[in-house]
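Inside the fold
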Amino acid sequence: MCGIIAYTGQRQCKELLFQGLRKLEYRGYDSAGLSVLSNGHIELVRAVGNLDSLEKELEGDGCTGAHAGLGHTRWATHGRPSTANAHPHLDCTGKISIVLNGIIENYQDLREKLTAEGHKFTSETDAEVVSHLVEKHYDGDLVEATRLSIGEISGHYAFCVIHSGHPDLIVGARKECPLLIGVGEGENFIASAIPAFLSETRDVMVIGDDEMVVMTPDGVQILDLDKQPLDREITRVSWNADAAEKGGYETFMRKEIYEQPDSLTDTLAGRLPAGGGIVLEELAIPDKELAKIDKVYIVACGTSYHAGLVGRYVLENWARVAVELDVASEFRYRDPVLSPTTLVVGISQSGETADTLAAMRQARSQGARVLAITNIMGSQATRDADGILYTRAGLEIGVAATKTHVAQIAAIQLLALYLAQIRQTMDPKEISEVAAELKSIPDLMRNYLKNEASAYEIAKRYYQQPFFLYLGRGVGLPVCLEGALKLKEISYIPTEAYAAGEMKHGPIALLDKGSPVVVVANDGHVYEKVVSNIEEVRARRASVIAVATEGNERIKSLSDDVMYIPRTSEMLSPLLSVVPLQLLAYYIAQLKGCNVDQPRNLAKTVTVE
Ligand code: AGP
């Protein structure tokens, strides 16, 4: 939530900061702003709304000529979206400016104390207290003032600060919110995520929790909170800067849907060797320990949770291990029963979701082994886990997750096969058969996407409907949950997703003539049961939109519309059956004129609980 960028160097910073914010806009777009160090004073420009509004404010001379400054794009937590609540914030003197991502939990107390000491607040945000704290502690040394301020705040945060008396100095700090350094030549960047500076440098340094960074054009120093310098390696990232561009597609979401076959190829690469077996190199938890695992506990949020739900079916089916699953925000406040033989799997695209990280930490403190499935190298999840399984889906900008979801499903399928191999719950021949089929999915998906034509036609027929019900059984259920989430988050149409067998226990009351009911009805052991549920829907004269297996002609007579996917074995089918539901949601949202890449109120990375 919220994107931060800072620059100091020889070049004019206005455009660099603004372009950096463009790459961070997925983190929030309630307001945005820049503050730059300009001829001994701070120049501040802010605007409500997404970056287009800030761009207008910056037209002309605003912020021109400066060589160091801060940028911020906001997802509102404390205080509604307004210019006053937009970052950057200033102190009372106008000499200090900060940008912050996260939450200062004790901000009320601090605000009262600072107000009593004479500080004047101009916003309703928690973040503004940091600028006043730095002002209070400033005595010519910005690093020390920042350090003393950190000592007074609690919560989780990443922030950067500048002072008009230090024309090329940026000081930053982080605790449980992302902040990275982009190391250049004669210039340096700090940002919430790598894409913000990827077009300028690929050399990255990670800032750890409870660490500070002191940055000038000539160097970067990382300090602990006693101001002791810390060694930190520079990593060269291999991402392509073009990955953050739309590459000819009208939206990032559409591009990412169409990138899914390539992402999946990357997820599987090297992990299913021709000689047989499953190879998961970064797993880092010894096979001896994995063999003793008697329970897998999956924790995640949103779309990642839906991938975890698919995980439950494949882990039970292939690895014959007991699986529990919870949304991370519930898990962290329960009293889960864990032991050293529990494997807790935290799934998080960003590796920065506050609830998932808290759940993983809690699991570790209770002695469980923790594995992170994530897309982001070096993210916090990778540091809070015993082992890692990267999804390797490439950069995803669209707020609605698509390619990372499919990659998460494949990653958990790989994990299930790996555990099956260690636990000998499948024989090597069976594993090789599933592995061979898994390898064939990217091509099946590529072909499917090339020829897909029904989703748009169906979207045209139903996009004005006020409500959609999604029904599925077995591995079709998580697919429905994901399809329903996609539609509601980008089109704002209310949706419900239910286990098809539960429909008659309540949701059937919602159905009326013509109500659209999306049913995942792939061939498999629960297919006939799903057909019975379709009959129940039809008896209420609701409209059935089925996702079915290619070659199933009978489904046509049972449904108003069918979206066929290529035939696969049942446990692999979610990889494909989620795709028509992504497309359906996409086209409906487009037809309704919604901004699919920036759905209202959402942020891609939820670093607050
Ligand atoms: C996906 O479309 C969502 N916007 C959201 O549910 C997301 O999956 C969730 O916030 C979890 O994020 P993570 O995978 O980065 O932890």
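Sequence order as written defines residue numbering, which begins from 1 separately in each chain. Local features are withheld for residues below a pLDDT of 70 in this predicted model, meaning they are given only at 70 or higher, and side-chain atom pairs are given and counted only at 80 or more; totals for whole chains, interfaces and linings count all residues. Hydrogens and water molecules were not included; the side-chain quantities draw on all heavy atoms of the structure.

1. Notes on the overall build of the chain
Helix and strand definitions follow DSSP, with helices as H or I runs of at least four residues and strands as E runs of at least two, each counted in order from the N terminus. Secondary structure assignment for the chain yields 19 helices and 25 strands. Taken against the 2.2 N^0.38 rule, which gives 25 Å for 609 residues, the C-alpha radius of gyration of the chain at 25 Å falls within 12% of a compact globule. Its C-alpha atoms give the chain principal-axis dimensions of roughly 75 × 55 × 40 Å. Categorising residues by exposure relies on relative accessible area from a 1.4 Å probe, with only protein chains included: less than 20% of the type maximum marks a residue as buried, more than 50% marks it as exposed, and the intermediate range marks it as partly exposed. Looking at the chain residue by residue over its 609 residues, the buried ones come to 61%. We call two residues in contact when some of their heavy atoms are within 4.5 Å. The contacts of the chain with a sequence gap of at least 6 include a subset with a gap of at least 24, amounting to 71%. Summed over all atoms, the accessible surface of the chain reaches about 22,400 Å², with 47% contributed by carbon and sulfur. If the 60 positive side-chain charges of the chain are averaged to one point and the 81 negative ones to another, these points end up 5 Å apart. Using C-alpha atoms as the atom set, the radius of gyration is obtained and then compared with a globule rule of 2.2 Å times the number of residues to the power 0.38. The protein chains shown are the only cover counted for residues, whose accessible areas, like all others here, come from Shrake-Rupley with a 1.4 Å probe. Only four residue types enter the charge count: Lys and Arg as positive, Asp and Glu as negative, with His and the chain ends excluded. Charged side chains are reduced to one point each, which is NZ for Lys, CZ for Arg, CG for Asp and CD for Glu.

2. Focus: the packing of aromatic side chains
Pairs were defined over the aromatic rings of Phe, Tyr and Trp, the Trp ring being its six-membered one, requiring ring centres within 6.5 Å. Orientation was assigned from the angle between planes: stacked under 30 degrees, edge-to-face over 60, tilted for the rest. Evaluation of the coordinates by the stated rule reveals seven aromatic pairs. Aromatic side chains Tyr157 and Phe159 sit 5.9 Å apart centroid to centroid with 45 degrees between the ring planes, which places their arrangement in the tilted category. Residue classification places Phe159 among the buried positions, given a relative accessible area of 0%. Residue placement shows Arg600 over the ring face of Tyr492; its charged tip is 3.9 Å from the ring centre. Throughout this description, the term charge over a ring refers to an Arg CZ or Lys NZ atom that lies within 6 Å of the ring centre and within 35 degrees of the ring normal.

3. Quick word on the nonpolar core
In this description, a nonpolar core means a group of buried Ala, Val, Leu, Ile, Met, Phe, Trp, Tyr and Cys residues linked to one another through side-chain atoms lying within 4.5 Å. Core analysis: the largest hydrophobic core is formed by 89 residues, its most contacted members being Val296 and Trp318. Among the elements that make up this core, the one with the highest residue count is helix H13 (residues 403–423) (13 residues). Taken together, domain 2 (255–448) and domain 3 (452–591) each give at least three residues to this core, which thus spans both. Aside from chain neighbours lying at most four places away, what touches Val296 is Leu315, Val321, Ala322, Val323, Glu324, Leu343, Val345 and Leu419. Residues Leu16, Leu58, Ala191 and Leu198 belong to the second largest nonpolar core, which totals 34 residues. An automatic or database domain assignment supplies the start and end points of every domain.

4. Things to note about the domain arrangement of the chain
You can read the domains of the chain as domain 1 (3–245), domain 2 (255–448) and domain 3 (452–591). Relative placement of domain 1 and domain 3: their C-alpha centres are 45 Å apart.

5. Looking at the site of the ligand
It suffices for a single heavy atom of a residue to lie within 4 Å of a molecule or strand for the residue to be listed as near it. Taken together, 14 residues lie around the ligand, and Ser304, Ser348, Ser350, Thr353 and Glu489 are the ones closest in. In this structure, Gln349 approaches the ligand through a main-chain N or O atom, which is 2.7 Å from an oxygen atom. For the purposes of these results, a polar contact is taken to be a pair of N or O atoms within 3.5 Å, where, inside protein, one atom must be able to donate a hydrogen and its partner to accept one; residues adjacent in sequence count only when each atom of the pair is a side-chain atom. Ala401 places a polar main-chain atom, nitrogen or oxygen, 2.9 Å from an oxygen atom of the ligand. In isolation the ligand offers 410 Å² of accessible surface; the protein chains occlude 91% of this area. When residues of the shell around the ligand are traced back to their parent elements, those giving at least two are helix H9 (302–319) and helix H16 (476–491).

6. Describing helix H2 (residues 51–58)
Burial in H2 covers these residues: Leu51, Leu54 and Leu58. Viewed end-on, H2 has its buried residues packed into an arc of 55 degrees, placing them on one side of the element. Contacts made by the buried residues of H2 are with helix H1 (13–24), strand S2 (31–38) and strand S3 (41–48). The directions from the helix axis to the C-beta atoms are what the arc is built from.

7. So, the pairing of strand S25 (residues 561–565)
Burial of S25 is extensive: four of the five residues sit out of reach of the surface. DSSP bridges decide pairing: two strands pair if at least two such bridges lie between them. When strand S24 (residues 543–549) meets S25, the two strands line up parallel, connected through five bridges. When the sheet's bridge partners are listed, Val547 is paired in S25 with Met563.

8. Structural notes on the sheet that holds strand S23 (residues 516–521)
Strand order in the open sheet formed by five strands is S22-S21-S23-S24-S25, and the pairing between neighbours is parallel. Each end of this open sheet is capped by a strand with a single partner; those strands are strand S22 (495–499) and S25. With direction set aside, neighbouring strand axes in the sheet form an average angle of 20 degrees. Pairing between S23 and S24: six bridges, direction parallel. Its bridge partner lying in S24, Val518 is registered against Ile545. A fitted line through C-alpha atoms represents every axis, and for helices the fit uses only the stretch in contact; the resulting angles, taken between N-to-C directions, go from 0 to 180 degrees.

9. Here we look at the sheet that holds strand S15 (residues 235–236)
Within the open sheet, the eight strands sit side by side as S3-S2-S4-S1-S10-S9-S11-S15. Their pairing is antiparallel. Bordering the open sheet on either side are S3 and S15, each of which pairs with just one other strand. Contacting strand S1 (3–8), S2 and strand S4 (68–74), H1 crosses the sheet at an angle of about 155 degrees to S1. Strands S2 and S3 of the sheet are contacted by H2, whose axis makes an angle of about 135 degrees with S3.

10. Here we look at the pattern of salt bridges
Where side chains of opposite charge bring their charged atoms close, a pairing between them can arise. For salt bridges, the criterion is a side-chain nitrogen of Lys or Arg within 4 Å of an Asp or Glu carboxyl oxygen. In the structure shown here, the tally under the stated rule is 38 salt bridges. In this structure, Glu457 engages Lys460 in a salt bridge whose closest nitrogen and oxygen atoms are separated by 3.5 Å. Of the two residues, Glu457 and Lys460 are both situated in helix H15 (residues 454–462); the distance of three residues between them amounts to about one turn of the helix. Of the residues examined, Glu457 reaches a relative accessible area of 38% and is grouped as partly exposed. Taking relative accessible area as the criterion, Lys460 reaches 39% and is therefore assigned partly exposed. A salt bridge links Asp561 to Arg461; the shortest N-O distance between them is 2.3 Å. Highlighted residues: Asp561 in strand S25 and Arg461 in helix H15, separated in sequence by 100 residues.

11. Some remarks on the pairing of S4
Along S4, seven of the seven residues are buried, which leaves the element largely enclosed by surrounding structure. A two-sided burial pattern is seen for S4, the buried positions comprising Ala68, Leu70, His72 and Arg74 on one face and Gly69, Gly71 and Thr73 on the other. Bridge count for S1 against S4 is six bridges, and the pairing is antiparallel. By the bridge assignment for S4, Ile4 is matched with His72. Sheet topology note: the S2/S4 ladder contains six bridges and is antiparallel. Residue pairing across strands places Gly33 opposite His72, the latter belonging to S4.

12. Focus on unusual backbone geometry
Between His87 and the following residue, Pro88, the backbone shows a cis peptide bond with an omega angle of -5 degrees. Checked against the element boundaries, Pro88 lands in the loop between S4 and strand S5 (89–90). The backbone phi angle of Cys63 is positive, close to 65 degrees, even though this residue is not glycine. Position of Cys63 relative to the elements: it lies in the loop between H2 and S4.

13. What to know about helix H11 (residues 354–365)
The span expected for a helix works out to 1.5 Å for each residue beyond the first. When the terminal C-alpha atoms of H11 are compared, their 16 Å separation across 12 residues agrees well with the 16 Å that a helix rising 1.5 Å per residue should span. The buried count for H11 comes to nine of 12 residues, which makes it a mostly enclosed element.

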